[in-house]
Amino acid sequence: MVEGESKALWIILATVFAVAAVAPAVHGQQTPCYFVFGDSVFDNGNNNALNTKAKVNYLPYGIDYFQGPTGRFSNGRNIPDVIAELAGFNNPISPFAGASQAQANIGLNYASGAGGIREETSENMGERISLRQQVNNHFSAIITAAVPLSRLRQCLYTINIGSNDYLNNYFLSPPTLARRLFNPDQYARSLISLYRIYLTQLYVLGARNVALFGIGKIGCTPRIVATLGGGTGCAEEVNQAVIIFNTKLKALVTDFNNKPGAMFTYVDLFSGNAEDFAALGITVGDRSCCTVNPGEELCAANGPVCPDRNKFIFWDNVHTTEVINTVVANAAFNGPIASPFNISQLVN
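Conventions adopted
Residues numbered from 1 in each chain as written. Predicted model: local features only at pLDDT ≥ 70, side-chain atom pairs only at ≥ 80, totals over all residues. Heavy atoms only, no water. Disulfide = S-S within 2.5 Å. Helix = DSSP H or I, 4+ residues; strand = E, 2+ residues; numbered from the N terminus. Buried < 20%, exposed > 50% of the residue type's maximum accessible area, 1.4 Å probe, protein only. Phe/Tyr/Trp six-rings, centres within 6.5 Å; stacked < 30°, edge-to-face > 60°. Lys NZ or Arg CZ within 6 Å of the ring centre and 35° of its normal. Contact = heavy atoms within 4.5 Å. Polar contact = N/O pair within 3.5 Å; in protein donor to acceptor, adjacent residues only side chain to side chain.

### Points about the state of the cysteines
Here is step 1 of the chain: If you walk through the whole model with that rule in mind, you get four disulfides.
Here is step 2 of the chain: Bridging C33 to C155, the disulfide has an S-S length of 1.8 Å. Here the residue C33 occupies a position in the loop between α1 (3-22) and β1 (34-38), and C155 occupies one in the loop between α4 (149-152) and β2 (156-160), the gap between them amounting to 122 residues.
Here is step 3 of the chain: By relative accessible area, C33 is classed as buried at 0%.
Here is step 4 of the chain: With its disulfide-bonded cysteines labelled consecutively along the sequence, the protein chain is connected as 1-2, 3-4, 5-8, 6-7.

Written out as structure tokens, the structure is:
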């Protein structure tokens, strides 16, 4: 995407967000159920009981969330929380961990911090739930609750996965086996071939209305700028590898849309620039809002946080603030960053 198109996209996005912010509340649930898969960007508490570095059930996480710290990797709501609101759900979708059997009729969130497409991804972090395991959990949940296939075909499904396959696998130091075996194109191909298997399983289990979120500019996160970017700017090697993955993910969406009844869409998290957020007053993109100890990526427990969180892109050294999550969710639901459908079309 050329720079002019990027600017236009995010100006539209800013407008969409401004309109959405004052739009009347949605009346009535637009889809019978909503299922969420992915990594820490979507996780809402599934890692809390795991033996892992990737859990955030402590302050200052959740400082702006009505239930306080829940395991969401932000100061407030995450993207699926806002999508659920826009789709007319009265309550956030429950995490799979600890959910009642009946909850599978309304929806479940299976996402797991540090989760990846490849099984070995994030071994450095401890326990996590890979995409393969998340699909298995979904199978167990809908079978146990005897959710009818006719209902499952009407549900919304959103998936955000792949960042950890780069952050906590391919670009780890010292180089992992995957880095030694694959060049960036081969690695992206390996990820997409696995992703295709898991999406096919979900399709067989009834998933028809599916939004696949691409990977964002993870080379520009404070963590990667400080390490692979030499402390001075984005790590272009990382961003270029992500572009290869995203291109193949778009093609995968096209493939699935050839299947009967399928409405798959790609959500572009890559094309926005920090300057584009300035139009919304979100002006700080080079550091975290919370206090992060040297060499770490998550907030220090009970550490000081910035007072004006609506001006910051990053909450910690990897994850975004609630204001960014709200912008992204609105843009995916209503408009310009989802193609060939926006999420509102998937739920109607």
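Now that the structure has been shown, the text picks up again.
### Describing the packing of aromatic side chains
Here is step 1 of the chain: With the rule as written, the count across this model stands at 18 aromatic pairs.
Here is step 2 of the chain: Summarising the aromatic geometry, the rings of Y34 and F89 are spaced 6.3 Å apart at their centres and angled 45° between planes, so their arrangement reads as tilted. In this pair, Y34 sits in strand β1 while F89 sits in the loop between α2 (79-86) and α3 (131-144), placing the two residues 55 residues apart along the sequence.
Here is step 3 of the chain: Judged by centre distance (4.9 Å) and plane angle (20°), the rings of F256 and F264 are stacked.
Here is step 4 of the chain: F256 gets classed as buried once you look at its relative accessible area, which sits at 1%.
Here is step 5 of the chain: F264 sits in the buried class, given a relative accessible area of 1%.
Here is step 6 of the chain: By way of ring pairs, the aromatic residues Y166, Y170, F171, F182, Y187 and F245 are connected into one cluster.
Here is step 7 of the chain: Across the ring face of Y203, the terminal group of K259 is positioned such that the distance to the ring centre comes to 5.5 Å.

### Observations concerning the environment of R179
Here is step 1 of the chain: Tracing the sequence through the fold places R179 in helix α6 (residues 177-181).
Here is step 2 of the chain: Among the residues examined, R179 registers a relative accessible area of 28% and is labelled partly exposed.
Here is step 3 of the chain: Filtering out sequence-adjacent residues up to four positions away, R179 remains in contact with Y170, F171 and E237.
Here is step 4 of the chain: Of note is the side chain of R179, whose polar atom sits 2.8 Å from the side chain of E237.

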